[in-house]
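Below, each chain spelled out in residue letters.
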Amino acid sequence: MDLNASPPNKRARKQSLTPVEEKDITGIRAILSDEFDRDIELVKAHSCQLTTKQQLQAVIQELSQKLPHFQHLKRVHDRSVLICPSSDIKESETLEQHLQRFAFSDHVLRALCQGVRVVEVPERMPRLRVQYEKTLQHWPCKFHPNHYSESLRNGSNFSLEQRRFHKRMAQLLVRLSRDVNAGGPMGICVDPRRPSVVAIAGGEESRSPHEHCSMLLVDYVARSQQGGATETDLTFAEDPEAEAETTLRGIPTAYYNYLSKEEEYKDLAFGAETRRSDDVQQQQQAQGADNLVKFGPYLCTGYDVYLLQEPCLMCSMALVHSRAKRVFFLRSSENGALATRFQLHTVRELNHHYEVFQFTTKQDAELT
C-alpha cells in the first residue's frame, strides 16, 4: 500500500488536531491515578475526649477489637479518640445506643460518651507527601513514603540522558508521520535495554476499522518473534545476516529506508532480540531480574511503546494484553483511554499494568 496516500475520511476527525512540530516538544509528565492528583476527601467521624491514660488504654483495646475503623489514621490525637464514622450511626439513635450494640464494657462505654464531638478526618491514606501534609491539618494520618511515586509526580524519575532519548522518540513520531505517513498516526516500539527500535507502525497502513496504529504495532512486534496475524502488502526490512542476534522483521521497509538515509539517525539502533533457545533461557534465568532479561522477548514484555496519539480503549487494552512496560504518547485523543476519557492503566483489577507518560508541548505551557 502506498504510504503517501491520503488518509481515509473515516479518521479525519482524529487527525484534525493542531499539528505539533518537533521543536514544540518540551517535556514529559506521568499520567497517574486520581489517588495522586486529587485532594483527599474528608469524612465526618464521632470522637470523644478522655481524661486519663488509664481510660485511654482500656478504650483503645476494646475499640480495636469491636470497631476496627480508621486503619489509615492514628486513633488518638491529643487524648481525642476516633470512635466510628458518623455515617454508621442511624438518625434515630444516639451514639450510646449505637455503641451498646457492640457490647462494650460499662466503664469503656461511659468513657466513649464523654466530650463527644464530630470531626472531619481524611477518607484514605495519602500517597504523596504533599497530600500527607494537608491531612495533618485535620487529623494525624499514617504515611509510608514511596520515593518512586514521588519522583513520578515531580518528574525526577528519568535521568537527563533518558529524557533526551524519550524526547527524541517523540520527535521521530512527528517526523515519520509528516514525511512518510501523510500525517497519519504513528507508533514506535523500543527495547529500552539497548535501546533499540523493535517495530514501527503507521495507522494508515490498513483500512480495517479495528487495525489502529497500536494494534498494528503490537502485531509487528509479534512479527519480530516469528508471529503476527495482520495481512498486509507492505514489505519489511530484511535482516543483514541469517543467524543474527537481532531482527528487523517488525520494521516496514519504507520507515527503515527513510531513517537509514537520515544522517541524524545513523546512531539509532534497530532490531528486536530474536527468540532464545531453551538452553539460553535457562542460563539467563539465574542472571536477570525481569522477564525480558530472563526469558527473552514475548510480545511487548519489557518494551516501551511511543505513540503519536493517545490510544483508544481497544488499543489500550491490547497494550495490556501484550505486556508493554511503559506507554508514551504525544497528542490527546477525543476517545483516549489513558488520560482523556479513562485511565485504563490505573484499574486495579487488571492483571498487568504499564506506566503512562505524555509529552508536553509549548501549547501546554501557553494554556497554563
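Position numbers for residues start from 1 in each chain and track the written sequence from start to end. pLDDT decides what is reported in this predicted model: residues at 70 or higher carry local features, side-chain atom pairs at 80 or more are listed and counted, and totals for whole chains, interfaces and linings draw on all residues regardless. Side-chain metrics rest on all non-hydrogen atoms present in the structure, leaving aside hydrogens and water.

Quick notes on the overall build of the protein
Okay, so step 1: By definition, any uninterrupted DSSP run of H or I lasting at least four residues is a helix, any uninterrupted run of E lasting at least two residues is a strand, and each is numbered from the N terminus. Along the backbone of the protein there are 13 helices and 12 strands.
Okay, so step 2: Here the protein holds 368 residues, and the buried ones make up 47% of them.
Okay, so step 3: Considering only intrachain contacts with a sequence separation of at least 6, the fraction spanning at least 24 residues in the protein is 64%. Using a 1.4 Å probe on the protein chains alone, a residue whose accessible area is under 20% of its type maximum counts as buried, one over 50% counts as exposed, and one in between counts as partly exposed. By the convention used here, residues are in contact when the closest approach between their heavy atoms is within 4.5 Å.

Quick word on the sheet that holds strand S3 (residues 76–77)
Okay, so step 1: Between any two strands, pairing holds if DSSP finds at least two bridges. Overall, antiparallel pairing links the four strands, which are arranged S3-S4-S2-S5 in an open sheet. The open sheet terminates on both sides in strands that have one partner only, identified here as S3 and strand S5 (117–122).
Okay, so step 2: One ladder, built from six bridges, connects strand S2 (residues 42–49) with S5; its direction is antiparallel. Directly across from His 46, in S5, lies its bridge partner Val 118.

Digging into the confidence of the model for the protein
Okay, so step 1: On average, the protein scores 87 in pLDDT, and the residues at 70 or more come to 86%.
Okay, so step 2: Summary of the metric used: pLDDT quantifies the predictor's per-residue confidence within the range 0 to 100. A low-confidence stretch, residues 1–17 (pLDDT under 50), is modelled with 41 contacts involving residues beyond four sequence positions or located in other chains.

Details of the environment of Pro 68
Okay, so step 1: The topology assignment puts Pro 68 in the loop between helix H2 (53–66) and S3.
Okay, so step 2: Overall, Pro 68 belongs to the partly exposed group, its relative accessible area being 45%.
Okay, so step 3: The spacing of Pro 68 and Cys 84 is 16 residues in sequence and 8.6 Å in space, taken between C-alpha atoms.
Okay, so step 4: Setting aside residues up to four positions removed in sequence, Pro 68 forms contacts with Leu 63 and Arg 75.

Description of the side chain of Thr 230
Okay, so step 1: Here Thr 230 shows up in the loop between helix H8 (213–223) and strand S8 (246–247).
Okay, so step 2: The buried category is assigned to Thr 230, whose relative accessible area is 18%.
Okay, so step 3: Separated by 3.2 Å, the side chains of Thr 230 and Asp 219 make a polar contact.
Okay, so step 4: In this structure Thr 230 touches Glu 211, Leu 216 and Asp 219, once residues within four positions along its chain are discounted. Throughout this description, a polar contact denotes any pair of N or O atoms lying within 3.5 Å of each other; where both atoms belong to protein, one of them has to be capable of donating a hydrogen while the other can accept it, and for residues adjacent in sequence the pair is counted only when both atoms sit in side chains.

A closer look at helix H7 (residues 160–179)
Okay, so step 1: Given the number of residues in a helix, its expected span is that number minus one, multiplied by 1.5 Å. Between its terminal C-alpha atoms H7 stretches 28 Å, which fits the 28 Å expected from 20 residues at 1.5 Å a residue.
Okay, so step 2: Along H7, the residues that are buried comprise Phe 165, His 166, Met 169, Ala 170, Leu 172, Leu 173, Val 174, Arg 175, Leu 176 and Ser 177.

Notes on the nonpolar core
Okay, so step 1: Leu 176, Ile 188, Ile 200 and Tyr 306 are the most contacted members of the largest nonpolar core, which has 37 residues in total.
Okay, so step 2: Mapped onto this core, the elements with two or more residues apiece are strand S1 (25–30), H7, strand S6 (186–191), strand S7 (196–202), helix H9 (253–261), strand S10 (304–309), strand S11 (326–331) and strand S12 (355–361).
Okay, so step 3: With seven residues, H7 is the largest single contributor of residues to this core.
Okay, so step 4: Setting aside its immediate chain neighbours within four residues, Leu 176 contacts Asn 181, Met 186, Ile 188, Ile 200, Tyr 255, Tyr 258 and Leu 259.
Okay, so step 5: Throughout this description, the term nonpolar core refers to a set of buried Ala, Val, Leu, Ile, Met, Phe, Trp, Tyr and Cys residues connected via side-chain atoms within 4.5 Å. Within the second largest apolar cluster, 27 residues are counted, among which are Val 198, Ala 272, Phe 329 and Leu 344.

Concerning the packing of H7 against H9
Okay, so step 1: At a minimum axis separation of 11 Å, H7 and H9 run at an interaxial angle of 115°. Taken together, the axes of H7 and H9 are roughly perpendicular relative to one another. For the crossing formed where H7 meets H9, the hand is right-handed. Residues Leu 172, Arg 175, Leu 176 and Asp 179 of H7 form the contact with H9, whose participating residues are Tyr 255, Tyr 258 and Leu 259.
Okay, so step 2: Of the residues belonging to the contact of H7 with H9, the class tally is five nonpolar, no polar and two charged. Between N-to-C directions, angles cover 0 to 180 degrees, with each direction set by a line fitted to C-alpha atoms, over the stretch in contact for helices. Throughout, the term roughly parallel applies to angles under 35 degrees, roughly antiparallel to angles over 145, roughly perpendicular to angles from 65 to 115, and oblique to all others. For any helix crossing, the convention is left-handed if the near helix is rotated counterclockwise from the far helix by under a right angle, and right-handed if that rotation is clockwise. Residue polarity follows a fixed list, in which Ala, Val, Leu, Ile, Met, Phe, Trp, Tyr, Cys and Pro are nonpolar, Asp, Glu, Lys and Arg are charged, and the others, Gly among them, are polar.

Some details on H8
Okay, so step 1: The buried fraction of H8 amounts to nine of the 11 residues, a majority that puts the element mostly inside the structure.
Okay, so step 2: For H8, the complete set of buried residues consists of Cys 213, Ser 214, Leu 216, Leu 217, Val 218, Asp 219, Tyr 220, Val 221 and Ala 222.
Okay, so step 3: On its buried side, H8 packs onto S6, S7, S10 and helix H12 (313–321).

Some thoughts on the layout of surface pockets
Okay, so step 1: Here a cavity denotes grid points, spaced 1 Å and computed from the protein atoms alone, that fit a 1.4 Å probe unable to get out, and a pocket denotes an open set having protein on both sides within 12 Å along at least 5 of 7 lines; residues with an atom within 4 Å of a point are the lining. Grid points are joined across faces, edges and corners, and a volume is the space filled by probe spheres set on the points. Roughly 420 Å³ of volume is contained in the largest pocket.
Okay, so step 2: Along the wall of the largest pocket there are 20 residues; nearest its centre are Leu 32, Ser 33, Phe 36, His 345 and Thr 346.
Okay, so step 3: Mapped onto the lining of the largest pocket, the elements with two or more residues apiece are helix H1 (34–37), helix H6 (147–154) and S12.
Okay, so step 4: Taken together, Ser 159, Glu 161, Gln 162, Phe 165, His 166, Pro 192, Pro 195, Asp 304, Tyr 306 and Arg 326 make up the lining of the second largest pocket.
Okay, so step 5: Among the elements of the structure, H7 and S10 are those that each provide at least two residues to the lining of the second largest pocket.
Okay, so step 6: When residues of the lining of the second largest pocket are assigned to their parent elements, the largest contribution, four residues, is made by H7.
Okay, so step 7: Of the residues in the lining of the second largest pocket, the class split is four nonpolar, three polar and three charged.

Points about the packing of H8 against H12
Okay, so step 1: The contact between H8 and H12 brings their axes to 8 Å, and the two run at 25°. Relative to H12, the element H8 is oriented roughly parallel. Between H8 and H12 lies a crossing whose hand is left-handed. Along the contact surface, H8 presents Ser 214, Met 215 and Val 218, while H12 presents Met 314, Cys 315, Ala 318 and Leu 319.

Re the sheet that holds S12
Okay, so step 1: Ordered in space as S1-S12-S11-S10-S6-S7, the six strands form an open sheet in which the pairing is mixed. The two strands at the open ends of the sheet, each matched to only one other strand, are S1 and S7. Here the strands of the sheet are splayed against their neighbours by 20° on average, with no regard to which way each runs.
Okay, so step 2: In this sheet, S10 lies alongside S6 in antiparallel orientation, the contact comprising four bridges. Its bridge partner lying in S10, Ile 188 is registered against Tyr 306.
Okay, so step 3: Against the sheet, H7 touches S1, S6, S7, S10, S11 and S12, its axis set at about 145° to S6.
Okay, so step 4: Along the sheet, H8 makes contact with S6, S7 and S10, crossing S7 at roughly 135°.

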